[in-house]
Amino acid sequence: MKTQKAFLVIDMLNDFIKPDGALYIGEAAQEVTKRIQTIISSARQEGIPIIYICDNHRPGDAEFNMFKPHCIRGTRGAKIVEELSPGPEDYIIPKRRYSAFFGTDLDATLREMGISELVLVGVCTNICVLYTAVDARMRNYSVTVIKEGVASFSQEAHEFALKEMENTLGVKIE
Ligand SMILES: [Zn+2]
């Protein structure tokens, strides 16, 4: 293995990022998409694996008791935004809950690849990014969050999550 690092691109899906999406996060979406484009193109050049983590629900999922239906499998809303289309060498891991580790094969995939360090980008800072960072840290992965590469519908929640990750979880904020 030539690298121990992987990039996780979290929930950069039409339903969160596009203005007509079911759970559009707002204007921050455009800026963060551009940033991630730059970030992953340099990661690709360095040969760092890119893993897309994608919210993917069945209709009637229990999560819809809290959030309106979004990212239903097979719909346009559940697709990765065009600007960040994955390449053939990239990994795509669907998930049903906030954490990319919950009920997915992410941990096994990372271990098989010999990955010990994760770099997180995507949305939302205080939901799927935060809870993925929690589960990664509980499993002893080193975690870096790129500040300009994450966003949320709430600036206040975004700031809180960055502080919480840095102070309580030992995440490096870059
Ligand atoms: Zn969801």
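This text follows the structure it describes.
Our subject in this report is the structure included herewith. Computed from a predicted model, the values in this text were never measured in an experiment. Every chain is numbered independently, its residues counted from 1 as its sequence is written. Predicted model: local features are reported for residues with pLDDT of at least 70 only, side-chain atom pairs are reported and counted for 80 or more only, and whole-chain, interface and lining totals are derived from all residues. Excluded from the side-chain calculation are hydrogens and water; included are all heavy atoms of the structure.

### As for the overall build of the chain
Turning to step 1, where the next piece is worked out: On a plain count of helices and strands, the chain comes out with five helices and six strands.
Turning to step 2, where the next piece is worked out: When the helices and strands of the chain are placed in sequence order, the string is β-α-α-β-β-α-β-α-β-α-β.
Turning to step 3, where the next piece is worked out: Values of the radius of gyration come from C-alpha atoms, whereas the globule rule sets the reference at 2.2 Å times the count of residues to the power 0.38. Taken over C-alpha atoms, the radius of gyration comes to 15 Å for the chain, in line with the 16 Å a tight globule of 174 residues would show.
Turning to step 4, where the next piece is worked out: Seen through its C-alpha atoms, the chain measures out along the principal axes to roughly 40 × 35 × 30 Å.
Turning to step 5, where the next piece is worked out: Think of it in three bands: with a 1.4 Å probe and only protein chains considered, a residue is buried below 20% of the maximum accessible area for its type, exposed above 50%, and partly exposed in between. Within the chain, the fraction of its 174 residues that count as buried is 51%. Secondary structure elements follow DSSP: runs of H or I of four or more residues count as helices, runs of E of two or more count as strands, with numbering from the N terminus.

### So, the sheet that holds strand β1 (residues 5-10)
Turning to step 1, where the next piece is worked out: The pairing criterion is simple: DSSP has to find at least two bridges between the two strands. If you walk across this open sheet you meet the six strands as β3-β2-β1-β4-β5-β6, and the pairing is parallel. The sheet is open, and its two borders are formed by β3 (91-95) and β6 (172-173), each paired with just one other strand.
Turning to step 2, where the next piece is worked out: Across five bridges, the pairing between strand β2 (residues 50-55) and β3 is parallel. Paired with Asp55 across the bridge in β3 is Lys95.
Turning to step 3, where the next piece is worked out: Only heavy atoms matter for contacts: two residues are in contact if any of them lie within 4.5 Å across the pair. Helix axes are fitted to C-alpha atoms over the stretch in contact, other axes to C-alpha atoms as well, and angles between N-to-C directions run from 0 to 180 degrees. In the packing of helix α5 (residues 155-169) onto the sheet, the strands contacted are β5 (142-151) and β6, and the crossing angle to β5 comes to about 165°.

### Observations regarding the side chain of Ser99
Turning to step 1, where the next piece is worked out: Tracing the backbone through its elements, the reader meets Ser99 in the loop between β3 and α3 (106-113).
Turning to step 2, where the next piece is worked out: Pairs of N or O atoms within 3.5 Å make up the polar contacts considered here, provided that, within protein, one atom can donate a hydrogen while the other can accept it, and that residues adjacent in sequence are counted only when both atoms are side-chain atoms. A distance of 2.5 Å separates a polar atom in the side chain of Ser99 from a polar atom in the side chain of Asp135.

### Description of the nonpolar core
Turning to step 1, where the next piece is worked out: Residue types Ala, Val, Leu, Ile, Met, Phe, Trp, Tyr and Cys, when buried and joined through side-chain atoms within 4.5 Å, form a set referred to as a nonpolar core. Within the largest apolar cluster, 57 residues are counted, with the highest numbers of intra-cluster contacts made by Leu118 and Met165.
Turning to step 2, where the next piece is worked out: Once residues within four sequence positions are removed from consideration, Met165 is found in contact with Thr125, Val129, Leu130, Ala133, Val145, Gly170, Val171 and Ile173.

### Side note on the pattern of salt bridges
Turning to step 1, where the next piece is worked out: Think of a salt bridge as a Lys or Arg side-chain nitrogen and an Asp or Glu carboxyl oxygen that are within 4 Å of each other. Under the counting rule described, the total for this entry stands at 14 salt bridges.
Turning to step 2, where the next piece is worked out: When the shortest N-O distance is used, the salt bridge between Arg44 and Glu89 registers 3.6 Å. Of this pair, Arg44 sits in helix α2 (residues 28-45) while Glu89 sits in the loop between β2 and β3, and the two are 45 residues apart along the sequence.
Turning to step 3, where the next piece is worked out: According to the relative accessible area criterion, Arg44 is partly exposed, its value standing at 29%.
Turning to step 4, where the next piece is worked out: Arg97 is the salt-bridge partner of Asp61, the closest N and O atoms lying 2.7 Å from each other. Remark: Arg97 occurs in the loop between β3 and α3 and Asp61 occurs in the loop between β2 and β3; sequence separation between them is 36 residues.

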